[in-house]
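Notes for the structure review
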Amino acid sequence: TGRPSMFHFLDVGVDADGPYVSLVPTNGVPIEKFAAGKGRKSGRSQPAAKSALMDSDERKLMLPVKPILAAMEIKPGMRIADVGAGTGIFAFPLADALNGTGMVYATDTEPDMVGALKRTAWKKGYTNITAVRVSADGADQFYKTQTFDIMLFSELYQYLADPAAY
């Protein structure tokens, strides 16, 4: 229809057997069919504390990056948007999976996070990561003017003021 749709979700969790990833097809459910959450806007109250929490060992255990990336079936040359990239818990492994090809657009609304992503990418010699600051108010123009093979949304829903509109 030309309208934004969700074609599938990744169900990621941890149970007694360890982490799991399941692909859940939705047959192109239009985004406006999802219930609008109350959401909240991202704030800059404690960026240093937030950064430390995002890089904590506990968070990394909750988000099993390797099986999630394996389920994504990443191919060389892909263009991937890591929406709400934060400190890059997925952005850098995504860039590694692309093996120096393609591009990972690590987007975030907080300038501190975007700056940290840029510095880390530069220090580690990544040429296939571009950190992009986007607006917290609705879908930023950047997303509307780009084409992506994959858009990864991880732990982002609760930050959206109007998820259906986003």
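None of the values given here were measured: they were computed from a predicted structure.

Before going further, it helps to spend a moment on unusual backbone geometry. The backbone of Glu 73 sits at a positive phi, close to 50°, despite the residue not being glycine. Looking at the secondary structure, you find Glu 73 in the loop between α3 (65-72) and β3 (79-83). Since its relative accessible area comes to 54%, Glu 73 is described here as exposed.

Another point: the nonpolar core. Ranked by internal contacts, the top residues of the largest apolar core, which has 25 residues, are Met 72, Ile 74, Phe 90 and Leu 94. Among the secondary structure elements, those contributing two or more residues to this core are α3, α4 (91-97), β4 (103-108), α5 (111-124), β5 (129-133) and β6 (150-153). Of all hydrophobic cores here, the second largest spans 11 residues; its members include Ala 81, Met 103, Phe 142 and Leu 156.

We describe a pair of aromatic rings using the distance from one ring centre to the other and the angle between the two ring planes. Tallied over the full model, the rule gives five aromatic pairs. Ring centres 5.8 Å apart and planes at 70° place the aromatic pair Phe 142 and Tyr 143 in the edge-to-face group. Measuring from centroid to centroid gives 6.1 Å for Phe 142 and Phe 148, while their planes differ by 50°, and the two rings are tilted. Note on accessibility: Phe 142 and Phe 148 belong to one class, buried. Connected via pairs of aromatic rings, a cluster forms that spans Tyr 105, Phe 142, Tyr 143 and Phe 148. Over the aromatic face of Phe 92 sits the side chain of Lys 124, whose NZ or CZ is 5.6 Å from the ring centroid.

Here the focus is the sheet that holds β3. Pairing in this open sheet of four strands is parallel, and the strands run β5-β4-β3-β6 from one edge to the other. Bordering the open sheet on either side are β5 and β6, each of which pairs with just one other strand. In this sheet, neighbouring strand axes are inclined to one another by 20° on average, regardless of whether the strands run parallel or antiparallel. Sheet topology places β3 next to β6; four bridges connect them, and they run parallel. For Val 83, the partnering residue across the bridge sits in β6 and is Phe 153. Relative to the sheet, α5 contacts β4 and β5, its axis offset from that of β5 by approximately 165°.

Each value, and the rule that gives it
Residue positions are given per chain, counting from 1 as you read along its sequence in written order. Per-residue local features of the predicted model are confined to residues with pLDDT of at least 70, and side-chain atom pairs are confined, for both listing and counting, to 80 or more; whole-chain, interface and lining totals are unaffected and use all residues. Water and hydrogen atoms play no part in the side-chain values, which are based on all heavy atoms of the structure. Under the DSSP-based scheme used, a helix requires at least four consecutive residues in state H or I and a strand at least two consecutive residues in state E, with every element numbered from the N terminus. Burial classification: accessible surface area is computed with a 1.4 Å probe over protein chains only, and a residue below 20% of its type maximum counts as buried, one above 50% as exposed, and the rest as partly exposed. The nonpolar core is taken to be a set of buried Ala, Val, Leu, Ile, Met, Phe, Trp, Tyr and Cys residues, with the residues joined through side-chain atoms within 4.5 Å. Any two of the Phe, Tyr and Trp rings considered here, Trp counted by its six-membered ring, make a pair once their centres fall within 6.5 Å; the pair's planes then place it as stacked at under 30 degrees, edge-to-face at over 60, or tilted in between. Each ring is checked for a lysine NZ or an arginine CZ that lies within 6 Å of its centre and within 35 degrees of its normal; such an atom marks a charge sitting over the ring. In this description, strands pair whenever DSSP reports at least two bridges between them. Orientation is described by lines fitted to C-alpha atoms, with helices fitted over the stretch in contact, and by angles between N-to-C directions that extend from 0 to 180 degrees. Here a residue-residue contact requires only that any non-hydrogen atoms of the pair lie within 4.5 Å.

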